Amino acid sequence: MPIDSPSPADAQDAASVQPRVEERDHEGAHWAVASGRWTALAMSSSSAWESVSQDLECVPAQDDRHWDLRPIEQLDHIGAQLLWNHWQKAWPPHLEMDSQHKAVLDQVALYTCLAPVDTAPTLADRFKAFAHNGPRMMFVARDFLRLIGQLTLDVGKLIRAPHRGPWRDFSGQLYQFGATALPITALVGLLIGIVLAYLTSQQLRQYGAETFIVNILGLSLIRELGPVLAAVLIAGRSGSAITAQIGVMRVTEELDAMRVMGIPHGFRLVMPRVLALAIAMPLISMWTSMAALFGGMIAADLSLDISPSYFLSALPRAVPLSNLWLAMSKSAVFGILIALIGCYFGMKVKPNTESLGRGTTSSVVTSITIVILVDALFAVLFKGVGLRA
Amino acid sequence: MTDTPHSDATSVVEIRKLWTVFKSPDGDQVVHRDLDLTIMRGEVLSLVGGSGTGKTVLLRQILGLEHPTKGQVSVLGRPPAQLSAMGAANVGMLFQHGALFSAFSVLDNIAFPLRELKLLPDDLIRDAALVKLQMVGLTPQQATKSPADLSGGMIKRVALARALIMDPPLLLLDEPTAGLDPESADGFCDLLRGLHRELGLTVVMVTHDLDTLFDLSTRIAVLADQKVIVAGTARDVIAYPHPFIHEYFLGGRGQRAMEALHEGSAPVGVAGRPSGSQAPSTER
């Protein structure tokens, strides 16, 4: 054997088991002698890897070089692959090695092949993919319409036979979407109210129109900011939860199990969520508006010396009651839309985790966008309601 | 790996006086009580036991994913938590449902542990992953598929290839043949046997499939009464008097599987351990 095998005493020594290649002349031939442990574990430190790749660079694959692998202590598939790739995927003509190492190298030699190429999409493919967007939008619109139609039928069914409705699920969802959302919506509302009051008070003082802060805060918070703020928060909080919940049921085949039992998804899954959000959403929106008004009231007291008692007495005069009804009905529509969009994307999840993540993201983004769109629609449609000319 | 100088004597996994207690409001549930188990290098040990006897929990404790309430687990002479931090080079695990990363293609799944080293060149990693892919009986054409497009048997194979990518000395399998058709299960057994022979792996396996059990195991450890009641070759275990063993091995299904064992092609003692030479070691 051309080199001494490491003595047992330093067998544990890291340096002695590092994979190495040495070049030496023996019996008139060039020999490349590999030793050490050629395993993924031994090569997984950067020093070991750099030294072995340097060693290999010094002994390029040549016809007249003899290879001696017998001093190798251990050879696994990674080490064998390294050698095989170094030999440019062909056996060197002169090779000495132990039989168990040969078995590993044989396997590597047998199975090494070219990676299958991913065919890059051609221009026509890209065009087709782009052109498919049109029909896809039609499909989405059709599916969403179908969901709304199914919901209408299910609500009709519930009215005909209320005792068969999924009331327990409904009350659970109501608690989840409504009661547990109260702290976060109150906090956000309070802070927005304070910020808004401080900002407007600066401007109003310049014109000496301090008392108008009640009108500005009352109208903007009750009519617009409260409902939209609450809807955005609930879309992020409950819309994503609905999608994730239904999506996980798809991944774990629970939806299929329900269908096999003859339990319709629309009646049992979609309807309770939609109804729960339709009821919870106006309440949360009112709660958010109240918190925001409270914050604004405190800020007005601090910055403009407008006392809370004046604020409260001026509020009903500044904001007609119809604004509250408008805000509540708007919120109910937001709730229904958020729940429907959440359910839609949940049902569309394919049985893999990646699709679940994408579905949840699209659900939140879509529902926030739709909420703001519908809010704009309400603003245009009801521009004559609740505003004193 | 069996050819390291002192291969036969060393133990890979040592479990001493292990207690596992699950705390719950209505009383603590003791899963393991003073459990002792030693797994030697190069053997294929099967863990057998009824449902809820803590077989998977034991595997997870060997992996360092869960901590025992009391007692010691050491893997390759170290605590398991240290070991799994050192990555896939030491321990490979085949999870029951594959646990493939669904965001990656098959090839990227297999190559993932090597890529994360950020050390080896990309073409070497790709070639190594392709070799492992074919070793577990898949074709290179399947390398670009995503895990969602694979059948159950293929998922198991890819998961095995991923567990083996760095040729770890210790391989843990959780129900490797559950959910496979008989032919795939046989193929899987052949594959594992071949890998065990070529790489000299130590394999710890949880299985309920008696065919796989008799086909692959060099030793069987039976979990009952919150401990390992007996660990030994198939014959020794069956001879041990305990109601669970009687029901498990000598029931209808057991009888059929035993017939295969008695037909002479019994691989008991594959790793050079002559069957019957070892008395059933009652570990407690």
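Quick caveat: nothing in here was measured; it's all calculated off a predicted structure.

We now examine the overall build of chain A. The number of helices and strands found in chain A is 15 helices and 5 strands. Expected size for 389 residues packed as a compact globule is a radius of gyration near 21 Å; at 36 Å, chain A overshoots this value by more than 25%. Along the first, second and third principal axes, the C-alpha atoms of chain A reach 110 × 60 × 45 Å. Taken over 389 residues, chain A has a buried fraction of 35%. Contacts in chain A between residues at least 24 apart in sequence constitute 85% of all its contacts with a sequence separation of at least 6.

Per the secondary structure count, chain B includes 10 helices and 9 strands. Looking at the 284 residues of chain B, the share that counts as buried comes to 45%. Partitioning the intrachain contacts of chain B with sequence separation of at least 6 by distance along the chain shows that 70% fall at a separation of at least 24.

Further remarks concern the sheet that holds strand E5 (residues 91–94) of chain B. Strand pairs in the sheet, formed through backbone hydrogen bonds, run parallel or antiparallel to each other. Residues and elements named next belong to chain B. Taken together, the 6 strands give an open sheet; going across it, the order is E5-E6-E7-E3-E8-E9, and neighbouring strands pair in mixed fashion. Looking at strand neighbours, the two that pair on one side only are E5 and strand E9 (227–232), the edges of this open sheet. Within the sheet, the average angular offset between the axes of one strand and its neighbour, ignoring direction, is 15°. Inspection of the sheet shows strand E3 (residues 44–49) paired to strand E8 (residues 219–224) by 5 bridges, in the parallel sense.

This next bit is on the domain arrangement of chain A. When cut into domains, chain A gives domain 1 (8–111) and domain 2 (163–381). Placing the centre of domain 1 of chain A and that of domain 2 of chain A at their C-alpha centroids yields a distance of 66 Å.

With that settled, the discussion passes to the packing of helix H9 (residues 182–207) of chain A against helix H10 (residues 213–251) of chain A. Residues and elements named next belong to chain A. At their nearest, the axes of H9 and H10 sit 10 Å apart, and the two run at 145° to each other. As H9 packs across H10, the resulting crossing turns out to be right-handed. Side by side, H9 and H10 meet where Ile184, Thr185, Val188, Gly189, Ile192, Gly193, Leu196, Ala197, Thr200, Ser201 and Leu204 of the first sit next to Ile213, Ile216, Leu217, Leu221, Leu225, Gly226, Leu229, Ala230 and Leu233 of the second. Residues that form the contact of H9 with H10 fall into these classes: 14 nonpolar, 6 polar and no charged.

Another point: helix H15 (residues 353–381) of chain A. Residues and elements named next belong to chain A. The end-to-end C-alpha distance of H15 is 42 Å, a good match for the 42 Å that 29 residues give at a rise of 1.5 Å each. Those residues of H15 not exposed but buried are Leu356, Gly359, Thr360, Ser363, Val364, Thr366, Ser367, Val371 and Phe378. Check the buried side of H15 and you find it contacts H10 and helix H14 (322–348).

Let's shift gears to the pairing of E8(B). All names here are of chain B. Counting buried positions over the 6 residues of E8 gives 5, a clear majority of the element. Relative to E9, E8 runs antiparallel, the two being bridged by 5 bridges. Paired with Val222 across the two strands is Val230, which belongs to E9. In this structure, the hairpin formed by E8 and E9 is closed by a connection of 2 residues, where Asp225 is found at a positive phi of approximately 50°.

Counting 104 residues, the largest nonpolar core has B:Leu172, B:Val204, B:Ala221 and B:Val222 as the members making the most contacts within it. Beyond its immediate stretch of four places on either side in the chain, B:Ala221 contacts B:Leu37, B:Leu45, B:Leu47, B:Val48, B:Val228 and B:Ala231. The next biggest cluster of nonpolar side chains, apart from the first, holds 53 residues, and it includes A:Leu269, A:Ala291, A:Met347 and A:Val371.

Across chain A, the average pLDDT comes to 87, with 95% of residues at or above 70. Long-range and interchain partners of residues 1–13 of chain A, a stretch whose pLDDT sits below 50, account for 16 contacts in this model, where long-range means more than four residues apart.

Here we take up the sheet that holds strand E2 (residues 29–40) of chain B. Residues and elements named next belong to chain B. Here 3 strands make up an open sheet; going across it, the order is E2-E1-E4 and the pairing antiparallel. The open sheet has two edge strands, E2 and strand E4 (70–75), and neither has a second partner. Neighbour-to-neighbour, the strand axes of the sheet open up by a mean angle of 15°, direction not taken into account. The strands that helix H1 (residues 55–63) touches are strand E1 (11–22), E2 and E4; relative to E4, the one it contacts most, it runs at about 65°.

Each value, and the rule that gives it
Residues numbered from 1 in each chain as written. Chains lettered and ligands numbered in written order. Predicted model: local features only at pLDDT ≥ 70, side-chain atom pairs only at ≥ 80, totals over all residues. Helix = DSSP H or I, 4+ residues; strand = E, 2+ residues; numbered from the N terminus. Rg over C-alpha atoms; globule rule 2.2 N^0.38 Å. Buried ≥ 20, exposed ≤ 12 C-beta atoms within 10 Å, placed from the backbone. Contact = placed C-beta atoms within 7 Å. Pairing = 2+ DSSP bridges. Axes fitted to C-alpha atoms, helices over the stretch in contact; angles between N-to-C directions. Domains from an automatic or database assignment. Left-handed = near helix turned anticlockwise from the far one by under 90°. Nonpolar A, V, L, I, M, F, W, Y, C, P; charged D, E, K, R; others polar. Expected span 1.5 Å × (residues − 1). Core = buried A, V, L, I, M, F, W, Y, C linked by C-beta atoms within 7 Å. pLDDT = per-residue confidence, 0-100.

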